[in-house]
Amino acid sequence: MGNLVIVEHDNNEVAAATLHAVTAAQQIGGDIDLLVAGESCGSVADAAAKIAGVNAVKVADDAKFGHHLAENLATLIVEVAPAYSHVLASATTFGKNVMPRAAALLDKAQISEIVEVKSPDTFVRPIYAGNALATVQSSDEIKMITVRTIKFEAAAAEGGSANVEAISGGVDAGLSSWVSQAVSNNDQVDLTSAKIVVSGGRGMQSGDNFGMLHSVADKLGAAVGASRAAVDSGFVPNEFQVGQTGKVIAPDLYIAVGISGAIQHLAGMKESKVIVAINNDSEAPIFQVADYGLVADLFEAVPELDAAL
Amino acid sequence: MVCVKRVLDPQVKARVKADGSGVDLANAKMTMNPFCENALEEALRLREAGTADEIIVASVGGGKTEETLRHGLAMGADRAIQVVTEDALEPLAIAKVLKNIAEQEDVGLVLAGKQAIDDDSNQTAQMLSALLGWSLATFCSDIKFDGDKATVIREVDAGLETIEVKMPAVMSADLRLNEPRYVKLPDVMKAKRKPMDKIELDSLGLDTANRLTTLQVEEPEGRAAGVIVNSVSELVEKLRNEAKVI
Ligand SMILES: Cc1cc2nc3c(=O)[nH]c(=O)nc-3n(C[C@H](O)[C@H](O)[C@H](O)COP(=O)(O)OP(=O)(O)OC[C@H]3O[C@@H](n4cnc5c(N)ncnc54)[C@H](O)[C@@H]3O)c2cc1C
Ligand SMILES: Cc1cc2nc3c(=O)[nH]c(=O)nc-3n(C[C@H](O)[C@H](O)[C@H](O)COP(=O)(O)OP(=O)(O)OC[C@H]3O[C@@H](n4cnc5c(N)ncnc54)[C@H](O)[C@@H]3O)c2cc1C
C-alpha cells in the first residue's frame with residue numbers, strides 16, 4: 001500500500017523537516033510518494049523528486065493551498081490518503097496543524113511525534129514532556145503519523161529521480177484566510193538544524209544582553225535559542241523557544257546560559273550530544289543533565305568565553 | 001465552550017509504573033492542564049468584554065474530573081458538563097464527544113488548549129474542528145473578534161502568523177495568549193453552587209473505541225552525570241579536545 005509523506009514547504013523550497021519524515025517512511029517500508037500542495041510550487045516539486053528513495057511526487061498547484069490553511073489542505077489529504085497504508089508529516093507546527101484535521105475527517109487516530117518505528121503498525125512516542133516513552137500499536141488501516149525530526153536522520157536531498165504527477169482535488173472550504181507572517185530574524189542560523197545552539201534564560205535579564213550570546217554564536221556558527229521565561233519576558237521572539245511547547249532540538253553542542261533546567265525546558269534539548277550549563281546557582285537542575293557545568297556569573301563567563309573563541 | 005483536561009501537575013515529574021503499563025498517577029497532584037487555563041481565561045475576557053454570553057467548561061473523564069471542572073467554575077465559567085467515563089479515550093474519541101456536546105449546547109466558539117501536557121498529542125482541537133466542519137485556529141497567542149470573523153495570531157515555527165477565521169470556530173490556546181487569573185476563596189465557595197451536568201459516555205451512543213493499544217510505557221535512558229569545570233579556559237579546552245564539538 002505504501003507511504004504518503006506530506007511535504008512541508010514555502011512554495012520555494014522543501015523544508016528540512018520533510019527529509020526526516022521520509023526516513024521514517026523508509027523505516028516503515030514500502031513505496032514512498034510525496035504530496036506537494038501549494039501555489040506556484042513547481043520548484044518544490046522538482047526538489048522533492050530528487051529526494052533519495054522517493055517513488056512519485058503528486059503536485060496540487062492551486063491558490064487554495066498557497067498558505068497551507070488546514071481546512072483546505074485537509075480535504076486534499078483526505079482524497080489522496082486512501083491509496084496508502086501510512087500518511088506521514090513532520091511534527092512541526094505545519095504537521096501538527098493539518099494532520100489531526102485530516103485524520104478526523106478520515107475517522108482515523110493520529111500517532112503524534114513518533115521517535116521510533118518498531119514495525120509497520122507499532123511506534124514509540126514520548127509522553128509527559130519526554131519523561132516516559134509509550135509503545136503504541138495501531139489498528140487503523142491508514143496510519144496517520146507525525147514524526148519527531150530529531151530521532152530520524154535526514155534522507156539525502158539528492159540522488160532520486162521520482163515521477164512528478166500533477167493532480168487536482170481538495171476544496172476551498174472558505175473558512176479562513178491568511179493575513180500575514182512576521183518573521184523577526186532572517187539571518188539567524190536555523191535553530192532546528194543547527195549543530196551548535198547557545199540558549200539564554202531569565203538570567204540574561206534583558207533582550208540587549210542576548211547580544212552577548214549572538215556574538216558567541218556567530219563565532220561558533222551556532223543558532224541562538226531561549227527558555228520560555230526569556231520569551232515571556234520579551235527578551236527574544238517566540239520562535240527562539242526550546243522545550244515541550246517550543247522546539248525540540250538535538251544539536252551536537254547545547255550551551256545553556258542562565259537557564260535553570262525545568263522539566264519543560266529539558267524536554268526540548270536533553271537529547272543534545274553535549275550539554276554545557278553556565279549558571280551561578282550550583283543547585284540548578286540543569287547541572288544534572290550537563291556534561292560540563294560552570295558555576296559562574298554569566299556576565300563574566302560569557303564575555304570570557306567570547307574572548308577565548 | 002472551553003474544553004478542559006485534568007492532568008498531572010506540571011511541577012511533578014512523571015514516574016513510570018514498574019510493570020510498564022503506564023504512568024503512576026495514584027496519589028499524584030493533579031491540576032487543570034495549563035493550556036486549558038489559558039483557553040478559559042480568554043473565554044472569561046470575552047464575556048467581560050460582552051462578546052460571549054455564557055461559558056461552559058466541558059471535560060471528558062472519570063471520578064475526579066469534577067474537581068477540575070469546579071476549578072473552571074471558580075475561575076468564572078457559568079456551568080460545567082462532565083462526560084463520565086473511566087476509559088482513557090484517544091483524542092479522536094474525545095473530539096467526537098465534544099462535538100456532540102457543542103451541538104447540543106449550540107455553542108458559537110470552542111476554545112481548547114493546544115496540547116495536554118500529559119499525553120502531548122496536540123490533536124483534539126484540530127479533530128474537533130474537522131468533525132464540526134468549523135474554522136480552525138491553532139496555537140493562538142492573540143485573538144480579536146469582529147462580528148462573524150476573528151483575527152488570530154498563531155505561534156508557528158517561523159515566528160508569528162496572522163490568519164482570519166470565520167465564526168463559528170475552534171481555537172487552541174498557546175501559553176502566551178494571556179495570564180490566567182488566580183482563584184480566590186470566595187470564588188471557590190461560589191463555584192460549589194454553580195450547575196454541573198454529568199452525562200454518561202454510553203448514553204451518547206458514539207463509537208469511541210480506541211484505535212491504539214499501548215503495549216508498554218518505559219522511562220527514557222537518563223544522561224550520565226557530567227563534570228563541573230573550574231574556569232572558562234578549562235571549558236573551552238574540554239569542548240575542543242575531549243568532546244571535540246568546537
Ligand atoms: C505547560 C508548560 C509548558 C512549558 N513549556 C516550556 C518550554 O517549552 N520551554 C521552556 O524553556 N520552558 C517551558 N515552561 C516553563 C518552565 O517550567 C520554566 O519556568 C522555564 O523554563 C524557566 O526558564 P529559565 O530557566 O530561563 O528561568 P529560571 O527558572 O528563572 O532560571 C533562571 C536561571 O538563571 C540563573 N541565573 C540568574 N542570574 C544569573 C547570572 N548572573 N549568571 C548565571 N546564572 C544566572 C539562575 O540561577 C536560574 O537557574 C513551561 C511551563 C509549563 C507549565
Ligand atoms: C485514566 C486515564 C488513563 C490514561 N492512560 C494513558 C496511558 O497509559 N497512556 C497514554 O498514552 N495515555 C493515557 N491517557 C491519556 C489519554 O489517552 C489522552 O488524554 C487522550 O488521548 C487525549 O490526548 P491529549 O490529552 O494528549 O490531547 P491533546 O490533543 O493534546 O489535548 C489538547 C486539548 O484538548 C482538550 N482535551 C483533551 N482531552 C480532553 C478531555 N478528556 N476532556 C475535555 N477536553 C479535552 C483540552 O482542551 C486539551 O488542552 C490516559 C487518560 C486517562 C483519563
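*Asks:* Sorry, what's going on with helix α5 (residues 210-220) of chain A here?
*Replies:* Residue and element names in this part refer to chain A. Every buried residue of α5 is accounted for by Phe 210, Leu 213, Val 216, Ala 217 and Leu 220. Down the axis of α5, the smallest arc covering the buried residues is 115°, so these residues share one side. Looking at the packing, one finds that the buried side of α5 touches β12 (196-200), β13 (223-226), α6 (228-232), β14 (253-257) and α8 (298-308).

*Asks:* Explain the nonpolar core to me, please; I cannot follow it from the model alone.
*Replies:* Taken as a class, soluble globular proteins show a tendency for nonpolar side chains to be buried jointly. Grouped together as the largest cluster of nonpolar side chains are 55 residues, with contacts concentrated most on Ile 6, Ile 77, Val 87 and Met 144 of chain A together with Met 1 and Val 110 of chain B. Tallying contributions element by element places helix α3 (residues 91-105) of chain B first for this core, with eight residues. Apart from residues lying up to four places away in sequence, Met 144 of chain A is in contact with Ile 77, Val 87, Met 99, Ala 102, Ala 103, Leu 106, Lys 108, Ala 109, Gln 110 and Ile 111 of chain A. Core analysis: the next-biggest nonpolar cluster, separate from the first, contains 42 residues, Ala 21, Phe 123 and Val 136 of chain A together with Val 16 of chain B among them.

*Asks:* Is there a simple way to think about the confidence of the model for chain B in this case?
*Replies:* Segments scoring low in pLDDT should not have their predicted coordinates read at a detailed level. Looking at chain B as a whole, its pLDDT mean stands at 96, while 100% of the residues score no less than 70. Overall fold confidence (pTM) sits at 0.91, and the ipTM for the predicted complex is 0.93.

*Asks:* What's the story with the sheet that holds strand β16 (residues 292-295) of chain A in this structure? I'm lost.
*Replies:* Adjacent strands of a sheet form backbone hydrogen bonds with each other and so pair up, either parallel or antiparallel. Spatial ordering of the open sheet is given by β13(A)-β12(A)-β14(A)-β15(A)-β16(A)-β13(B), a layout of six strands whose pairing is parallel. Edge positions in the open sheet fall to β13 of chain A together with β13 (227-229) of chain B, since each of these has one partner strand only. Taking each pair of neighbouring strands and ignoring which way they run, the sheet shows an average axis angle of 25°. Direction of pairing for β14 of chain A relative to strand β15 (residues 274-279) of chain A: parallel, over a ladder of five bridges.

*Asks:* In this structure, what is going on with the site of ligand 1? I would like to understand it.
*Replies:* Close to ligand 1 lie 30 residues, the nearest being Arg 202, Ser 227, Ser 260, Gln 264 and Asn 279 of chain A. More than one chain lines the surroundings of ligand 1; the residues nearby belong to chains A and B. Between a nitrogen atom of ligand 1 and a main-chain N or O atom of Leu 298 of chain A, the distance comes to 2.8 Å. Out of a free accessible area of 980 Å², ligand 1 has 84% covered by protein chains. Looking at the shell around ligand 1, the elements that each hand over two or more residues are α6, α7 (263-269) and α8 of chain A together with α1 (34-48) of chain B. In terms of residue class, the shell around ligand 1 is made up of 12 nonpolar, 14 polar and four charged.

What counts, and where the lines are drawn
- Residues numbered from 1 in each chain as written.
- Chains lettered and ligands numbered in written order.
- Predicted model: local features only at pLDDT ≥ 70, side-chain atom pairs only at ≥ 80, totals over all residues.
- Heavy atoms only, no water.
- Buried < 20%, exposed > 50% of the residue type's maximum accessible area, 1.4 Å probe, protein only.
- Helix = DSSP H or I, 4+ residues; strand = E, 2+ residues; numbered from the N terminus.
- Arc of directions from axis to C-beta.
- Contact = heavy atoms within 4.5 Å.
- Core = buried A, V, L, I, M, F, W, Y, C linked by side-chain atoms within 4.5 Å.
- pLDDT = per-residue confidence, 0-100.
- Pairing = 2+ DSSP bridges.
- Axes fitted to C-alpha atoms, helices over the stretch in contact; angles between N-to-C directions.
- Near = heavy atom within 4 Å.
- Polar contact = N/O pair within 3.5 Å; in protein donor to acceptor, adjacent residues only side chain to side chain.
- Areas by Shrake-Rupley, 256 points an atom, 1.4 Å probe, with all protein chains shown as cover.
- Nonpolar A, V, L, I, M, F, W, Y, C, P; charged D, E, K, R; others polar.

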